[in-house]
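Secondary and tertiary structure notes
Each chain is listed here by its residues.
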Amino acid sequence: MQCKGFLFDLDGTLVDSLPVVERSWCRWADRHGIDHQAVLNFIHGKQAITSLRHFLHGRSEADIQAEFTWLEQVEATDTDGITALPGALELLQHLNEAGIPWAIVTSGSVPVAHARHKAAGLPVPEVFITAEQVTRGKPEPDAFLLGAKRLGLAPEECVVVEDAAAGVLAGLNAGCHVIAVKVPADSPRLDEADLVLTTLEAVDVTRTADGTVTVSRKM
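In this text, all values refer to a predicted model and were calculated from it rather than measured experimentally.

**Observations concerning helix α6 (residues 110-120)**
- For α6, the set of buried residues is Val-112, Ala-113, Ala-115, Arg-116, His-117 and Ala-120.
- In this fold, the buried residues of α6 make contact with β3 (15-16), α1 (18-32), α4 (61-77), β4 (83-84), β5 (102-105) and β6 (127-129).

**Quick word on the packing of aromatic side chains**
- In the structure shown here, the tally under the stated rule is 5 aromatic pairs.
- Ring centres of Phe-8 and Trp-102 lie 6.1 Å apart, and the angle between their planes is 80°; this geometry places the pair in the edge-to-face category. Here the residue Phe-8 occupies a position in strand β2 (residues 5-8), and Trp-102 occupies one in strand β5, the gap between them amounting to 94 residues.
- Residue Phe-8 is classed as buried on the basis of its relative accessible area, which comes to 0%.
- Take Trp-102: its relative accessible area is 2%, and that puts it in the buried class.
- Between Phe-42 and Phe-55, the aromatic rings sit 5.6 Å apart at their centres with planes inclined by 80°, giving edge-to-face as the arrangement. Here Phe-42, found in helix α2 (residues 36-43), pairs with Phe-55, found in helix α3 (residues 48-55); they are 13 residues apart in sequence, far enough to count as distant.
- Pairwise contacts between aromatic rings join Trp-25, Trp-28, Phe-42 and Phe-55 into one cluster.
- Sitting over the ring of Trp-70, Arg-31 keeps its end group 4.2 Å from the ring centre.
- Its guanidinium or amino end placed over the ring of Phe-42, Lys-46 lies 4.4 Å from that ring's centre, counting from NZ or CZ.

**Quick word on helix α5 (residues 88-98)**
- Within α5 the residues assigned to the buried category are Ala-88, Leu-91, Leu-92 and Leu-95. Seen end-on, α5 carries its buried residues on one side only, within an arc spanning 95°. Across from the buried face of α5, at angles greater than 90 degrees, the exposed residues are Glu-90 and Glu-97.
- Positioned one or two residues after α5, Gly-99 has a phi angle of 70°, which is positive.

**Structural notes on the packing of α1 against α2**
- One can describe the packing of α1 onto α2 by two numbers: an axis separation of 9 Å at closest approach and a directional angle of 130°. Relative to α2, the element α1 lies oblique. Classified by chirality, the crossing of α2 by α1 is right-handed. When α1 is examined against α2, the residues Val-21, Glu-22, Trp-25, Cys-26, Trp-28, Ala-29 and Asp-30 are found in contact with a partner set consisting of His-36, Val-39, Leu-40 and Ile-43.
- Residue classes in the contact of α1 with α2 are distributed as 8 nonpolar, 1 polar and 2 charged.

What counts, and at which threshold
- Residues numbered from 1 in each chain as written.
- Predicted model: local features only at pLDDT ≥ 70, side-chain atom pairs only at ≥ 80, totals over all residues.
- Heavy atoms only, no water.
- Buried < 20%, exposed > 50% of the residue type's maximum accessible area, 1.4 Å probe, protein only.
- Helix = DSSP H or I, 4+ residues; strand = E, 2+ residues; numbered from the N terminus.
- Contact = heavy atoms within 4.5 Å.
- Phe/Tyr/Trp six-rings, centres within 6.5 Å; stacked < 30°, edge-to-face > 60°.
- Lys NZ or Arg CZ within 6 Å of the ring centre and 35° of its normal.
- Arc of directions from axis to C-beta.
- Axes fitted to C-alpha atoms, helices over the stretch in contact; angles between N-to-C directions.
- Parallel < 35°, antiparallel > 145°, perpendicular 65-115°, else oblique.
- Left-handed = near helix turned anticlockwise from the far one by under 90°.
- Nonpolar A, V, L, I, M, F, W, Y, C, P; charged D, E, K, R; others polar.

Next comes the structure, spelled out in structure tokens:
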């Protein structure tokens, strides 16, 4: 495929934060006597507030916001074991060297996303979209549409890179190209992704003298 810019999810795509995410949510589940697996099966790729509203259905918005504040503090202060995923640092450095614009588009809040980005030692993106900047989270397209706009690009000129089913749907709903990395095989519309990979190390990006950016699978 050809593109002009990239929109990267953060958790599970660029950063291995799975142990932290699951530790934090299991602590939260214990506070409410909710089964760990039920929580873990739902949360990935979604904004925390969306998950909290799902599990606390019927509770007041004030109660839900209080739970969000508690969970955000836990997640933002627990960075133990967070690392960049294989190929992430090299790919971002290559994009910077080639002058190809890219953004991080995450469902995480500012404190959580910035803490994990810093802990992983990744380059700073030109654009950093977090949960606070959109009303509707993934799988709605809003975050990726905003990321493309902030890069000065049309959605169809961007490649979304995602690891979660909700993120793949958001990228497709936005009209972007999509690279799915380690996305569960039974995820809806996965067959519509341009590339389905198991690692970012398999992504090949080249830019020709006329500025054309081509994205393919390394052979």
